[in-house]
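Each chain, letter by letter, is given below.
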Amino acid sequence: MKVFDYKKSLGQNFIYDINLLNAIVSDSCVDKDDFVLEIGTGMGTLTAVLANRVKHVLSFEIDKRLEFYHTDLLHKNLNVSVRYEDFLLLSDRDICSFGNYKVVANLPYYITTQIIFKLLECGNPPKSITIMVQKEVADRMTAKPNTKDFGILTLNVALHTKPKLMRIVKSEVFTPQPKVDSALMHLTSYDNSCVDKQAVKKLVKCAFGSRRKTLVNNILACYNVTRLQIVQCLTNLGIDASVRGEALNLEQFIALQEQIKKLC
Ligand code: SAM
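The structure presented is a predicted model; accordingly, all values stated were derived computationally and were not measured.

Caption draft 1: Spotlight on the site of the ligand. Among the 24 residues in the neighbourhood of the ligand, the closest are listed as Ile-15, Gly-40, Glu-61, Asp-86 and Asn-106. Gly-40 places a main-chain nitrogen or oxygen 2.7 Å from a nitrogen atom of the ligand. Contact between the ligand and Glu-61: an oxygen atom at 2.6 Å from a side-chain N or O atom of the residue. Its residues assigned to classes, the shell around the ligand shows 11 nonpolar, 8 polar and 5 charged.

Caption draft 2: Spotlight on the pattern of salt bridges. As enumerated under the stated definition, the model contains 14 salt bridges in all. Across the pair Arg-83 and Asp-94 runs a salt bridge whose closest N-O atoms are separated by 2.9 Å. One end of the pair, Arg-83, is in strand β4 (residues 80-83); the other, Asp-94, is in helix α4 (residues 92-96), with 11 residues separating them in the sequence. Owing to a relative accessible area of 23%, Arg-83 belongs among the partly exposed residues under this scheme. Residue class for Asp-94 comes out partly exposed when judged on its relative accessible area of 22%. The shortest N-O distance in the salt bridge between Arg-211 and Glu-246 comes to 3.7 Å. Taken together, the residues Arg-211 in the loop between α8 (197-207) and α9 (215-220) and Glu-246 in the loop between α10 (227-236) and α11 (250-263) connect sequence positions 35 residues apart. Where salt bridges share partners, they join Arg-83, Glu-85 and Asp-94 into one cluster.

Caption draft 3: Structural detail: helix α5 (residues 112-120). For α5, the buried fraction is high: 7 of the 9 residues fall into the buried class. Among the residues of α5, Thr-112, Ile-115, Ile-116, Phe-117, Lys-118, Leu-119 and Leu-120 are the ones counted as buried.

Caption draft 4: Highlighting the packing of helix α7 (residues 152-160) against α8. In contact at an axis separation of 10 Å, α7 and α8 are set at 165 degrees when each is read in the N-to-C sense. Classed by the angle they form, the pair α7 and α8 counts as roughly antiparallel. Once α7 is placed against α8, the crossing between them reads as right-handed. Between α7 and α8, the contacting residues are Ile-152, Leu-155, Asn-156, Leu-159 and His-160 on the first element and Lys-197, Val-200, Lys-201, Val-204 and Lys-205 on the second. Split by residue class, the contact of α7 with α8 holds 5 nonpolar, 2 polar and 3 charged.

Caption draft 5: Representation of the packing of aromatic side chains. Enumeration according to the criterion identifies 10 aromatic pairs in this entry. Note on Tyr-6 and Phe-14: the rings are 5.1 Å apart at their centroids and 70 degrees apart in plane angle, and the pair reads as edge-to-face. Take Tyr-6: its relative accessible area is 26%, and that puts it in the partly exposed class. The buried category is assigned to Phe-14, whose relative accessible area is 10%. Note on Phe-68 and Tyr-69: the rings are 5.1 Å apart at their centroids and 80 degrees apart in plane angle, and the pair reads as edge-to-face. With relative accessibility at 48%, the residue Phe-68 sits in the partly exposed group. Tyr-69 gets classed as buried once you look at its relative accessible area, which sits at 10%. The structure contains a cluster of three or more aromatic residues connected by ring pairs, namely Phe-4, Tyr-6, Phe-14, Phe-68 and Tyr-69.

How each quantity is defined
- Residues numbered from 1 in each chain as written.
- Predicted model: local features only at pLDDT ≥ 70, side-chain atom pairs only at ≥ 80, totals over all residues.
- Heavy atoms only, no water.
- Near = heavy atom within 4 Å.
- Polar contact = N/O pair within 3.5 Å; in protein donor to acceptor, adjacent residues only side chain to side chain.
- Nonpolar A, V, L, I, M, F, W, Y, C, P; charged D, E, K, R; others polar.
- Salt bridge = Lys/Arg side-chain N within 4 Å of Asp/Glu carboxyl O.
- Helix = DSSP H or I, 4+ residues; strand = E, 2+ residues; numbered from the N terminus.
- Buried < 20%, exposed > 50% of the residue type's maximum accessible area, 1.4 Å probe, protein only.
- Axes fitted to C-alpha atoms, helices over the stretch in contact; angles between N-to-C directions.
- Parallel < 35°, antiparallel > 145°, perpendicular 65-115°, else oblique.
- Left-handed = near helix turned anticlockwise from the far one by under 90°.
- Contact = heavy atoms within 4.5 Å.
- Phe/Tyr/Trp six-rings, centres within 6.5 Å; stacked < 30°, edge-to-face > 60°.

Read these as spatial facts, not as claims about activity.
Right, here's the structure in full:
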């Protein structure tokens, strides 16, 4: 087998440890009826373990050089297909054609959040997403209000899913070894179609416009409303008008957006 020249620019930190690969697949709660989407095939180590447990694995890999290493994987597992494409360029229509699916992936770190939101905001979001991310991203996804990690990522993930930290994964298990530890997250989609997600996202973005400003001042910078009106909205919700954005949980942001909608 020829030696592979790992590309850091593509987030190529591969997993060969069979115990960890089995644990990732167990944590993902997939079963023999599932269609699984994987982003970043790498050498196909996770793909092969998934293939043994699910109906079909569709895996995307941007690096065409890896095709050479997939011959055995594809020969032994007829329920695996690999597309050599940039997942970020995949159309919404293409994702809609997957039907019901779950995502399991050891993500390329440099585009983690782009991939997550491409999946969550497309016309056909997955039932669940089990992903390896840098530990600091997992910390932000699971942060509580009034902590330094709580912010736009926490709230936008919570708008679509219930995130759960499954396990911390030490950097030593990856090849080549990255500088930081990772974490396996399991995000379960839930139905909150009654919420205007784009409007809540806009409010959240405004609320964290400047971490040093109060929530009221951040909102005034984005919406055509008066200070008095915003203070009244917060009072209606029992929220102190001097708070900063990081003090509010998702339910409070949703309720505040409903109040602001009535003003605009
Ligand atoms: N799944 C393998 C494993 O666990 O060993 C590889 C994981 S590695 C962290 C991420 C993989 O994603 C790399 O093989 C990289 O080439 C691929 N990749 C990077 N950017 C991509 C993109 N935009 N679309 C599809 N694959 C991508």
